[in-house]
Amino acid sequence: MNTYIMALDQGTTSCRCILYDRQGRPVSTAQKEFRQIYPHAGWVEHDAMEIWSTQMGVAQEALLKINGTWKNVQAIGITNQRETTVVWDKKTGEPICNAIVWQCRRTAEYCDELKRRGLEAAFREKTGLLIDAYFSATKLRWILENVEGARKRAEAGELLFGTIETWLIWKMTGGRVHVTDYSNASRTMLFNIRTLAWDEDILRELEIPACMLPEPRPSSEIYGRTDPNIFGGPIPICGAAGDQQSALFGQTCFEAGEVKNTYGTGGFLLMNTGEHPVFSENGLLTTIAWGIDGTVNYALEGSIFVSGAAVQWLRDELELLSDSDQSEQMAERVADSNGVYVVPAFVGLGAPYWDPYARGAVLGLTRGANKNHLVRATLESMAYQTWELLQVMARDTGQQIVALKVDGGASANNFLMQFQSDILDRPVLRPKCIETTSLGAAYLAGLASGYWKGRADILENWQMDRTFKSNMTSEKREQCLKGWKKAVKCVLGWAKR
Ligand code: G3P
C-alpha cells in the first residue's frame, strides 16, 4: 500500500491539502477559498469554524481523489497563516468571536501607546519583533477587552487561545491537545525567543492570563493523533510551522545564510541565521525558523503585507480579470506600466516602513493608462517591495544575496519573475515545486514519523524549474525604482487621525 504525508496548508485566503510522496511530489491536491470578513476599514476577520470545516473538507477531497483512506496517510503536518488569533470555549469548542486576522489594524493605536511608554526595546529584545498590530498579542488583548465576559471567562480557565495551527490541532485531536510550535509562538509577541517560554513580563503588561496559552513545542514531533471520527482512524499529527518558516524548510534552506522569498497573500523574505538570533537595524524581524531535535534555528524576516492579495483585489474588487493567472498575459500586452505605480498598502506597510497608517494608492495615471498598465503596475509593486527587503537584509547581515530562491502561487507568473530579476539585477531561481510552504510542513511531519530518514533525503528532492536572469539596463532600473520610492512616500501616514 502506498503511503503519503498529508500537508494541511491553512493560508490567509484558502485552505489546501496536499498529499506528498517520498520524492516530495504532490500526488493529490485540493483547495478551497473561504470568506474574508471586513467589518470596518482596516479590519480583517475570519470565521474559525469555517476555516475548520473548509480545511477538513479539502483533506477529505484530497484523499478521495486517490481513493485513499486514513491508512494511506503516515502523518499529518500543518502550516498556517501566522499571527491570526482565535479564542474559543474549552468545553464547547466554539470560538467566542471571529478570528482577528494578521492583516487587521484595529490595535494600531494601542500599539502606539505601548511605544510611547518606551516598551519597544524590551519587547524586541525578548520577542525579536517590533511593536505592531500585526502580531497576535494586541489582538488577543483586544478580544479580552471587547468581547463581553471574555476576560472573566479567560481568568476562570474557560477559554483557550491559539494561532491557526493550535486551533486545528486542538480540533483534530478532539480537544485533547493544546499546543503551538516555536515558529508560530514566535509571532505572537508574547514568546521569549531565547528562553522558549511565554514571557511573564509581557503577559503581565498586556494582562493576558497564562492559563489560556498553548504549550510551546518543537516543530517536528508527535503532538497527538486525529480523533478517529475525522478520517476513520487515528493519524499522527507530527509537524507544524508558520507558513513562511515552513516555506524556508521546504526550500531546503537548512544552512545559515540561505534565503527564500514567498509570493503568497503577503510576501515574505526569510534568511536562515543559524542557531543564534540576529537583530536588525532596519526593520526586519527576528523570528524562530523551527525547533527540531533539541536545536532551534532562527531567521531574519522581511514582511510585506500585500503581495498576491493585490492581484486578488484586481480580480474581486476591480473585476479587471476573472482569474489571477490572466495577470501575466495582460501585463505582457503592454511594453511598460506607462508611468503607473500601484502601492498596495491596503493594510498599512510592513517592513521596512512599519506604518499602520499607510494606505493604498494608484499614482502616475495619464489619459492613456489602461487596465493592462494597472495590472502590470500591480505585479511590479510585488517586485519593488521585494527589492526593498533585499536592500535592508544585505545592510543588516553585511551579506549580498547572490540569487533569490522563490516560491508561492505568484512565483508561477513568468512576467513577475522576469521583472523581479530585472529589478534586483540578480538571478531568480524557481524550483519545480513552488508549493514549498506545504512541502515544508510535510517534511517536518515526515522527519518525525520516519517517512524521511534525514535532511539528506530531502535535499535530493529540490529541483530547479527555471532561472530568470536580468536583462534590464541599469538606467531603466534606476528610473523604475525612483518612481517607486516617490510613490511610497505619498502613502505614508495617510490614515493617521
Ligand atoms: O504572517 C502572515 C503570513 O503567515 C501569511 O501568509 O501565505 O497567507 O500570505 P500567506
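Above this text you will find the structure in question.
Attention in this report is confined to the structure presented alongside it. (Residues numbered from 1 in each chain as written. Predicted model: local features only at pLDDT ≥ 70, side-chain atom pairs only at ≥ 80, totals over all residues. Heavy atoms only, no water.)

## Some points on the overall build of the chain
Next, step 1: Within the chain, the secondary structure is distributed over 17 helices and 23 strands.
Next, step 2: Against the globule reference of 23 Å for 497 residues, the chain gives a C-alpha radius of gyration of 22 Å, in line with a compact fold.
Next, step 3: Its C-alpha atoms put the chain at 60 × 55 × 45 Å along the principal axes.
Next, step 4: Counting across all 497 residues of the chain, residues that qualify as buried make up 63%.
Next, step 5: A sequence separation of at least 24 residues applies to 73% of the contacts in the chain between residues at least 6 apart.
Next, step 6: Looking at the chain as shown, the accessible area adds up to about 18,800 Å², and 47% of this sits on carbon and sulfur atoms.
Next, step 7: Charged side chains in the chain number 53 positive and 58 negative. The centres of these two groups are separated by 2 Å. (Helix = DSSP H or I, 4+ residues; strand = E, 2+ residues; numbered from the N terminus. Rg over C-alpha atoms; globule rule 2.2 N^0.38 Å. Buried < 20%, exposed > 50% of the residue type's maximum accessible area, 1.4 Å probe, protein only. Contact = heavy atoms within 4.5 Å. Areas by Shrake-Rupley, 256 points an atom, 1.4 Å probe, with all protein chains shown as cover. Lys, Arg positive; Asp, Glu negative; His and termini not counted. Charge placed at Lys NZ, Arg CZ, Asp CG, Glu CD.)

## Considering the site of the ligand
Next, step 1: Taken together, the neighbourhood of the ligand is formed by Thr12, Gln81, Arg82, Glu83, Trp102, Tyr134, Asp243, Gln244, Gly264, Thr265, Gly266 and Phe268.
Next, step 2: The separation between an oxygen atom of the ligand and a polar side-chain atom of Tyr134 is 2.7 Å.
Next, step 3: Contact with the protein chains covers 94% of the free accessible surface of the ligand, which is 310 Å². (Near = heavy atom within 4 Å. Polar contact = N/O pair within 3.5 Å; in protein donor to acceptor, adjacent residues only side chain to side chain.)

## Description of the packing of helix α13 (residues 371-397) against helix α17 (residues 474-491)
Each pair of packed helices can be summarised by the angle the axes make with each other and by the distance between the axes.
Next, step 1: Closest axis-to-axis distance for the α13/α17 pair is 11 Å, and the angle between their directions is 90°. Between α13 and α17, the angle is such that the two are roughly perpendicular. The segment α13 lies against α17, with Ser381, Tyr384, Gln385, Trp387 and Glu388 engaging Cys480, Leu481, Trp484, Lys485 and Val488. (Axes fitted to C-alpha atoms, helices over the stretch in contact; angles between N-to-C directions. Parallel < 35°, antiparallel > 145°, perpendicular 65-115°, else oblique.)

## Description of the sheet that holds strand β13 (residues 224-225)
Next, step 1: Read across the open sheet, the six strands follow the order β3-β2-β1-β5-β14-β13; overall the sheet is mixed. Either end of the sheet is taken by a strand with one partner, and the two such strands are β3 (26-33) and β13.
Next, step 2: Pairing geometry for strand β1 (residues 4-10) and strand β5 (residues 73-80), over seven bridges, is parallel. Bridging from a neighbouring strand, Met6 pairs with Ile76 of β5.
Next, step 3: Strand contacts of helix α15 (residues 436-448): β1, β2 (14-20), β5 and β14 (236-242), with the helix running at about 135° to β5, the strand carrying the most contacts. (Pairing = 2+ DSSP bridges.)

## Let's talk about the packing of aromatic side chains
Next, step 1: Inspection of every chain in the model, using the stated rule, returns 22 aromatic pairs.
Next, step 2: Taken together, the ring pairs in this structure connect Trp102, Tyr134, Phe135, Phe268, Phe305 and Trp354 into an aromatic cluster.
Next, step 3: Here the guanidinium or amino end of Arg106 rests over the ring plane of Trp142, the centre of that ring lying 4.5 Å away.
Next, step 4: When the ring centre of Phe254 is taken as origin, the NZ or CZ atom of Arg455, which lies over that ring, is 5.1 Å away. (Phe/Tyr/Trp six-rings, centres within 6.5 Å; stacked < 30°, edge-to-face > 60°. Lys NZ or Arg CZ within 6 Å of the ring centre and 35° of its normal.)

## Topic: α15
Next, step 1: The terminal C-alpha atoms of α15, which comprises 13 residues, lie 18 Å apart, in line with the 18 Å expected from a rise of 1.5 Å per residue.
Next, step 2: Burial within α15 is extensive, with 12 of its 13 residues counted as buried.
Next, step 3: Looking only at α15, the buried set comprises Thr436, Thr437, Ser438, Leu439, Gly440, Ala441, Ala442, Tyr443, Leu444, Ala445, Gly446 and Leu447.
Next, step 4: The first or second residue beyond α15 is Gly450, which carries a positive phi of 85°. (Expected span 1.5 Å × (residues − 1).)

## A short note on the pattern of salt bridges
Next, step 1: Counted by the stated rule, this structure contains 32 salt bridges.
Next, step 2: Of the charged contacts, one joins Asp21 and Arg25 as a salt bridge, the two residues approaching to 2.9 Å between their closest N and O atoms.
Next, step 3: Given the relative accessible area of 48%, Arg25 is considered partly exposed.
Next, step 4: One salt bridge connects Glu33 with Arg315, and the closest N-O pair in it is separated by 3.5 Å. With Glu33 in strand β3 and Arg315 in helix α11 (residues 309-316), the pair connects residues that are 282 residues apart, well separated along the chain.
Next, step 5: Here the salt bridges share partners, and the residues they tie into one network are Arg82, Glu83, Arg187, Asp243 and Glu301. (Salt bridge = Lys/Arg side-chain N within 4 Å of Asp/Glu carboxyl O.)

## Some points on the pairing of strand β8 (residues 159-162)
Next, step 1: Residues Leu159 and Phe161 line one face of β8 and the alternating positions Leu160 and Gly162 line the opposite face, and both faces are buried.
Next, step 2: Bridging between strand β6 (residues 86-89) and β8 involves four bridges; their strand directions are antiparallel. Following the sheet pairing, Val87 is matched in β8 by Phe161.

## Here's the deal with the pairing of β2
Next, step 1: Counted residue by residue, β2 has seven buried out of seven residues, so it is predominantly covered.
Next, step 2: Going residue by residue along β2, you find Ser14, Arg16, Ile18 and Tyr20 tucked away on one face and Cys15, Cys17 and Leu19 tucked away on the opposite face as well.
Next, step 3: Sheet analysis places β1 next to β2, joined by six bridges and oriented antiparallel. Across the sheet, residue Ala7 finds its bridge partner in β2, namely Ile18.
Next, step 4: Hairpin remark: β1 followed by β2, antiparallel, with three residues in the connecting loop.

## A word on the nonpolar core
Next, step 1: Core analysis: the biggest nonpolar cluster contains 156 residues, and Met6, Ile76, Met172, Leu190 and Phe231 have the highest contact counts within it.
Next, step 2: Take this core: its biggest share by element is nine residues, from α13.
Next, step 3: When residues no more than four places from it in sequence are discounted, the contact partners of Phe231 are Met6, Met56, Ala59, Gln60, Leu63, Trp70, Ile76, Met172 and Thr226.
Next, step 4: Judged by nonpolar contacts, the second largest core, of nine residues, contains Leu320, Val340, Val342 and Leu374. (Core = buried A, V, L, I, M, F, W, Y, C linked by side-chain atoms within 4.5 Å.)

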